[in-house]
Amino acid sequence: MSCEINIEATLFCGQSFAWTEEGGQYTAVLGDRVVCFDAQSLPSLLKEDKELAAYFDNDYDYPGAEKYLSLLDPHLERYIAEYRGLRILRQDPWEVLVSFILSQNNSIKRIRGLYRRLNETYGSEMAPGLYTFPRPEQLARADEDALRALGLGFRAPYVLDAVDQHRLLETIENLDDELGSLQLQRIAGVGPKVASCILLFGFGRRDVFPLDVWMKRIMSNLYPDKDPSFFSPHGGLAQQYLFHGYRDEYGRR
DNA sequence: GGCCAGGAGGCCT
DNA sequence: AGGCCTCATGGC
């Protein structure tokens, strides 16, 4: 599918904390690869780079999904018209697990800071100032005090439990959404919301609909008589548009 | 501008 | 139902 991607919304709406933008250049370390592009070069890059194409979920029919959701409901129609091109990134499950443990009771800005300090402290430097997200074995060098010193607070022991149980991620692929969620919730600091983010952003479960305080607010204000199944089979994409659109309209960044 | 409370994209006990 | 680390944020 070659179609327009809303790069800003996709990379900075809170799915991933890996990206930086400077002078029109978007940069991140994906796995152990430094990836850098500008808005103009992305489409051609996706054609020749299968790995990056998979990361951007480039084979999925987004125009079709956008059309479906636009016809489903006027709120979505408006938000999709405004933010068209939002993608659900297919990220590394381990990175998503830890990132979203960090996200609880926290703001995007602070999450980015914690994420960066984890990389700088426990990751590998691929280029000057550019670090990988630490693998479980690397993060295993940490103890609770060290993680608290980085500012993780009460999330520090949760991350350590995630390190201990990281092999559990290998079992998720074979489970359906509901069982996968329950399995993920065996990790400390992972409840229903964090589990749904891991399934959506780390395992490509496109119908999962993370329900955080904002989404609960949106559901009760805009869809008082509906539940997330209303958006099926595009729950995840609907959630992203609603979250992004509603917060831009009524909330803060 | 600086200071200070309450809140932040949940989860645990 | 309350507490939790920490700090960016908004209200004085």
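How each quantity is defined
- Residues numbered from 1 in each chain as written.
- Chains lettered and ligands numbered in written order.
- Predicted model: local features only at pLDDT ≥ 70, side-chain atom pairs only at ≥ 80, totals over all residues.
- Heavy atoms only, no water.
- Domains from an automatic or database assignment.
- Contact = heavy atoms within 4.5 Å.
- Buried area = accessible area lost by both parts, 1.4 Å probe.
- Salt bridge = Lys/Arg side-chain N within 4 Å of Asp/Glu carboxyl O.
- Polar contact = N/O pair within 3.5 Å; in protein donor to acceptor, adjacent residues only side chain to side chain.
- Nonpolar A, V, L, I, M, F, W, Y, C, P; charged D, E, K, R; others polar.
- Pairing = 2+ DSSP bridges.
- Helix = DSSP H or I, 4+ residues; strand = E, 2+ residues; numbered from the N terminus.
- Phe/Tyr/Trp six-rings, centres within 6.5 Å; stacked < 30°, edge-to-face > 60°.
- Buried < 20%, exposed > 50% of the residue type's maximum accessible area, 1.4 Å probe, protein only.
- Lys NZ or Arg CZ within 6 Å of the ring centre and 35° of its normal.
- Near = heavy atom within 4 Å.

*Asks:* What am I meant to see in the domain arrangement of chain A here?
*Replies:* Interface size is often expressed as the accessible area that is lost when the parts come together. For chain A, the assigned domains are domain 1 (7-83) and domain 2 (93-203). Facing 14 residues of domain 1, the contacting portion of domain 2 comprises 13 residues. Contact between domain 1 and domain 2 buries roughly 1,100 Å² in total, counting both sides, with carbon and sulfur atoms accounting for 71%. Counting every contact that joins domain 1 to domain 2 gives zero salt bridges. For the pair domain 1 and domain 2, the interface holds one residue pair in polar contact (both at pLDDT 80 or more). The residue makeup of the side of domain 1 that touches domain 2, split by class, is seven nonpolar, six polar and one charged.

*Asks:* What should I look at first to understand the pairing of strand β3 (residues 33-38) in this one?
*Replies:* A regular strand carries its side chains on alternate faces of the sheet. Here strand β2 (residues 25-30) runs beside β3; their pairing, made up of six bridges, is antiparallel. Among the inter-strand pairings, Y26 is bridged to a residue of β3, identified as F37. Connecting β2 to the next strand, β3, in antiparallel fashion are two residues, including G31 with a positive phi near 60 degrees.

*Asks:* Hey, could you run me through the packing of aromatic side chains in this one?
*Replies:* Each pair of aromatic rings is reported with the distance of its centres and the angle of its planes. Counted according to the given criterion, the structure contains 16 aromatic pairs. A ring pair is formed by Y115 and F133, whose centres lie 5.4 Å apart and whose planes are at 25 degrees; its orientation type is stacked. Taken together, the residues Y115 in helix α7 (residues 108-122) and F133 in the loop between β5 (130-131) and α8 (136-139) connect sequence positions 18 residues apart. Accessibility expressed as a relative area gives 4% for Y115, which makes it buried. Here the aromatic residues F12, W19, Y26, F37, Y55 and F56 are joined through ring pairs into a cluster of three or more. Its guanidinium or amino end placed over the ring of F154, R155 lies 4.4 Å from that ring's centre, counting from NZ or CZ.

*Asks:* What's the story with the protein's contact with DNA strand B in this structure? I'm lost.
*Replies:* Not every one of the 22 residues close to DNA strand B is listed here, only the nearest: C13, G14, N105, G191 and V194. Backbone atoms, meaning sugar and phosphate, make up 54% of the atoms of DNA strand B lying within 4 Å of the protein. The backbone of G14 places a nitrogen or oxygen atom 3.4 Å from a base oxygen of DNA strand B. Take G191: an N or O atom from its main chain is 2.7 Å from a phosphate oxygen of DNA strand B. With three residues, helix α12 (residues 192-202) is the largest single contributor of residues to the surface near DNA strand B. Class assignment for the residues of the surface near DNA strand B results in 11 nonpolar, seven polar and four charged.

*Asks:* Looking at this model, I keep getting lost on helix α6 (residues 93-102). Mind explaining?
*Replies:* Each turn of an α-helix holds 3.6 residues, which means side chains three or four residues apart point in the same direction. α6 sits mainly inside the fold: 10 of its 10 residues count as buried. The complete set of buried residues in α6 reads P93, W94, E95, V96, L97, V98, S99, F100, I101 and L102. Buried residues belonging to α6 abut α7, α8, α10 (156-164) and α12.

*Asks:* Could you clarify how one ought to interpret the protein's contact with DNA strand C in this entry?
*Replies:* For DNA strand C, the full set of nearby residues is N105, K109, R110, R148, G151, L152, G153, F154 and R155. Residue R110 places a side-chain N or O atom 2.7 Å away from a base oxygen belonging to DNA strand C. Take F154: an N or O atom from its main chain is 3.3 Å from a sugar or linking oxygen of DNA strand C. For the surface near DNA strand C, the per-class residue count stands at two nonpolar, three polar and four charged.

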